[in-house]
Amino acid sequence: MLLAIEQGNTNTLFAVHDGETWIAQWRTATHSTRTADEYAVWLSQLLGMAGLAMSAFDGCIISSVVPQSIFNLRNLARRYLHVEPMVIGENVDLGIEVRIEKPSEAGADRLVNAVGAHIVYPGDLIVIDSGTATTFDIVAADGGLEGCAIAPGINLSMEALHQAAAKLPRIAIQKPQRIIGKDTVGAMQSGVFWGYIGLIEGLIARIKVEWDRPMTVVGTGGVASLFHGATTMIDHFDPDLTIRGMLEIWRRNSTKA
């Protein structure tokens, strides 16, 4: 039994794998000051509802882009699961090369995504992760992380638009029925949604020209489903890509141990 904790800037995912399949997944808002005890109370309740217990786990793996939270997540694993966690970027072998100028700057989520994509999709890849930021990672055919483009996430852009313009309301992001909005909300939804489609398609096209070899495009992340059907330039939408990468890394390192 494995507990995979994937922490982004906005949400934290707790996923349980029983050795064959993912049997439970829960999300909570990311708060960097949340203690191990608070995580334990929250997690124990959800595990109990699923017929599971804290004592059931043989391992834990953590991927976090919030450095100040890692201490408390590690303590959660040690004190309540009674296992020593693997932490992406600290004490694990990824099994791939990170070919950027400063490998330490690559976020844990990007590293895990590269592994998760490489084991499923052959050839050179563009992995688009839509979250707080939208990242475009280039993964070579041998699994190596070659580089990235990073843009603000769609929710971040919408919030910035609301905060900076006094008359623009805070609205939900959704695919509008028309490009030309007939009111303020419709105009904002069109500009943000189709503007992001333009950003995604434009960066994919430019990356492919610069790479100059065939590439498969994989989309993942919390808001990737918004773009499903809105563009033909994303070949696969894969919501489980990140936790698949974490499972693969855990298996590789557990075997070595």
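As a reminder, the structure under discussion sits directly above these lines.
The model shown is predicted, which means the values in this text are computed figures rather than measured ones.

Peer 1: When you look at the packing of aromatic side chains in this model, what are you seeing that I'm missing?
Peer 2: Working definition: an aromatic ring pair is given by the centre-to-centre distance plus the angle between the planes. In the structure shown here, the tally under the stated rule is 4 aromatic pairs. Members of the aromatic cluster, each reached through a chain of ring pairs, are Phe14, Tyr39 and Trp42.

Peer 1: Explain the pattern of salt bridges here, please?
Peer 2: Pairs can form between side chains of opposite charge whenever their charged atoms are close. Following the criterion strictly, the structure yields 12 salt bridges and no others. Among the salt bridges present, the one from Glu105 reaches Lys102, with a minimum N-O distance of 4.0 Å. Pair check on accessibility: Glu105 and Lys102 agree, each one exposed. The salt bridge involving Asp124 is made with Arg213; its shortest N-O contact spans 3.2 Å. One end of the pair, Asp124, is in strand S6 (residues 124-130); the other, Arg213, is in the loop between helix H5 (184-211) and strand S9 (215-220), with 89 residues separating them in the sequence. Given a relative accessible area of 46%, Arg213 falls into the partly exposed group. When salt bridges that share partners are traced, they join Glu97, Arg99, Asp142 and Glu146 into one network.

Peer 1: In this structure, what is going on with the packing of helix H4 (residues 154-164) against H5? I would like to understand it.
Peer 2: In a pair of packed helices, the angle between the axes and the distance between the axes together describe the arrangement. Taken N-terminus to C-terminus, the directions of H4 and H5 make an angle of 145 degrees; their axes are 11 Å apart at the nearest point. In this structure, H4 crosses over H5, and the sense of that crossing is right-handed. Side by side, H4 and H5 meet where Ile154, Ser157, Met158 and Leu161 of the first sit next to Met188, Val192, Phe193 and Tyr196 of the second. A breakdown of the residues in the contact of H4 with H5 according to their chemical character gives 7 nonpolar, 1 polar and no charged.

Peer 1: Got a minute to help me understand the environment of Glu201 in this structure?
Peer 2: If you trace the backbone, Glu201 turns up in helix H5. Look at Glu201 and you get partly exposed, because its relative accessible area is 26%. For Glu201 and Thr232, which are 31 residues apart along the polypeptide, the C-alpha to C-alpha distance reads 8.9 Å. When neighbours within four sequence positions are excluded, Glu201 is seen to be in contact with Ala230, Thr231 and Met233.

Peer 1: Looking at this structure, I do not really get the environment of Pro214. What am I missing?
Peer 2: Within the secondary structure layout, Pro214 lies in the loop between H5 and S9. For Pro214, a relative accessible area of 74% translates into the label exposed. When the C-alpha positions of Pro214 and Gly181 are compared, they lie 37 Å apart, and in sequence the two are 33 residues distant.

Peer 1: It is not clear to me how the pairing of strand S8 (residues 145-152) should be interpreted in this structure. Could you clarify?
Peer 2: Looking along a regular strand, one sees the side chains alternate between the two faces of the sheet. Pairing analysis gives 7 bridges linking strand S7 (residues 133-139) to S8, with the strands arranged antiparallel. Bridge pairing in S8 links Ala133 to Pro152. Hairpin connection from S7 to S8: 5 residues lie between these consecutive antiparallel strands, with Gly143 at a positive phi of about 95 degrees.

Peer 1: How should I be thinking about helix H3 (residues 108-118) in this particular structure?
Peer 2: Owing to its 3.6 residues per turn, the α-helix brings residues three or four apart onto one side. Where burial is concerned, most of H3 is hidden: 9 out of the 11 residues are buried. Where H3 is concerned, the buried positions are Ala108, Arg110, Leu111, Val112, Asn113, Ala114, Val115, Gly116 and Ala117.

Peer 1: Just checking my understanding: could you explain the nonpolar core for this structure?
Peer 2: Nonpolar side chains in soluble globular proteins generally cluster together in the buried interior. Of all hydrophobic cores here, the largest spans 26 residues; its most connected members are Ile61, Ile88, Leu94 and Ile249. Breaking this core down by element, the ones donating at least two residues are strand S1 (2-7), H3, S6 and helix H6 (241-256). Ranked by residues supplied to this core, first place goes to H3 with 6 residues. Ile138, Ile154, Ile204 and Val217 belong to the second largest nonpolar core, which has 24 residues in total.

Criteria and thresholds
Residues numbered from 1 in each chain as written. Predicted model: local features only at pLDDT ≥ 70, side-chain atom pairs only at ≥ 80, totals over all residues. Heavy atoms only, no water. Phe/Tyr/Trp six-rings, centres within 6.5 Å; stacked < 30°, edge-to-face > 60°. Salt bridge = Lys/Arg side-chain N within 4 Å of Asp/Glu carboxyl O. Buried < 20%, exposed > 50% of the residue type's maximum accessible area, 1.4 Å probe, protein only. Helix = DSSP H or I, 4+ residues; strand = E, 2+ residues; numbered from the N terminus. Axes fitted to C-alpha atoms, helices over the stretch in contact; angles between N-to-C directions. Left-handed = near helix turned anticlockwise from the far one by under 90°. Contact = heavy atoms within 4.5 Å. Nonpolar A, V, L, I, M, F, W, Y, C, P; charged D, E, K, R; others polar. Pairing = 2+ DSSP bridges. Core = buried A, V, L, I, M, F, W, Y, C linked by side-chain atoms within 4.5 Å.

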